[in-house]
Amino acid sequence: MTSNLFTFTPDPTLDLVLEREIDVPVELVWEAWTTPDSIKEWFCPKPWSVSSCEIDLRPGGKFNTVMRSPEGQEFPNSGCYLEVVPNQRLVFTDTLLPGFRPAPKPFFTAALLLEPTATGTRYTAIAIHGNEETRKQHEEMGFHEGWGTVVDQLVAHIKASIH
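None of the values given here were measured: they were computed from a predicted structure.

Each value, and the rule that gives it
- Residues numbered from 1 in each chain as written.
- Predicted model: local features only at pLDDT ≥ 70, side-chain atom pairs only at ≥ 80, totals over all residues.
- Heavy atoms only, no water.
- Axes fitted to C-alpha atoms, helices over the stretch in contact; angles between N-to-C directions.
- Helix = DSSP H or I, 4+ residues; strand = E, 2+ residues; numbered from the N terminus.
- Parallel < 35°, antiparallel > 145°, perpendicular 65-115°, else oblique.
- Contact = heavy atoms within 4.5 Å.
- Nonpolar A, V, L, I, M, F, W, Y, C, P; charged D, E, K, R; others polar.
- Pairing = 2+ DSSP bridges.

**Brief notes about the packing of helix 1 (residues 26–34) against helix 4 (residues 143–161)**
Next, step 1: Between helix 1 and helix 4, the least distance of the axes is 10 Å, while the angle of their chain directions is 105°. For the element pair helix 1 / helix 4, the angle class is roughly perpendicular. Contact with helix 1, carried on its side by Leu-28, Val-29, Ala-32 and Trp-33, involves Leu-154, His-157 and Ile-158 of helix 4 and no other residues of that element.
Next, step 2: Along the lines of polarity and charge, the residues of the contact of helix 1 with helix 4 split into six nonpolar, one polar and no charged.

Written out as structure tokens, the structure reads:
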């Protein structure tokens, strides 16, 4: 049964979108996105790293990561899943904490949309912001370059794990 909860048209004044065709199967992309040990390998642009990852893969379940700078400074990120449709869609946010508790400083909601193609996966990541200021801040932080690099790292991680 397919869920149709997430129907969304990005607003260019509020949202950032990254679309790519990648040459790895949807199932392996999903696994990489939903396995804590895998997330640690590719989730932020190197030389940054993920030192910790906790996943409770269900609506309201936690998606917590700690990103570590090259200098060793740690940045915790806490959020929860809003929608989980295996091999198709993963929607999570830092606007709500686990159990749907409102976060004190929300930044964005992310939607990962996956579609199988003849050669792999159509990968769409959408960063949904509540206002133009946070969208602009995210873009200036390097959204397109950073999230693009992360997709490359994701693909390399998947290919290395299947050989």
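Next comes the rest of the write-up.
**Some points on the sheet that holds strand 3 (residues 63–68)**
Next, step 1: Judged by pairing direction, the sheet is antiparallel, and its three strands sit side by side in the order 2-3-4 without closing on themselves. The sheet is open, and its two borders are formed by strand 2 (49–55) and strand 4 (74–77), each paired with just one other strand. Averaged over all pairs of adjacent strands, the angle between strand axes in this sheet comes to 10°, irrespective of strand direction.
Next, step 2: Sheet topology note: the strand 2/strand 3 ladder contains six bridges and is antiparallel. In the sheet register, Glu-54 faces strand 3, and the bridge partner there is Asn-64.

In short, geometric facts, not functional conclusions.
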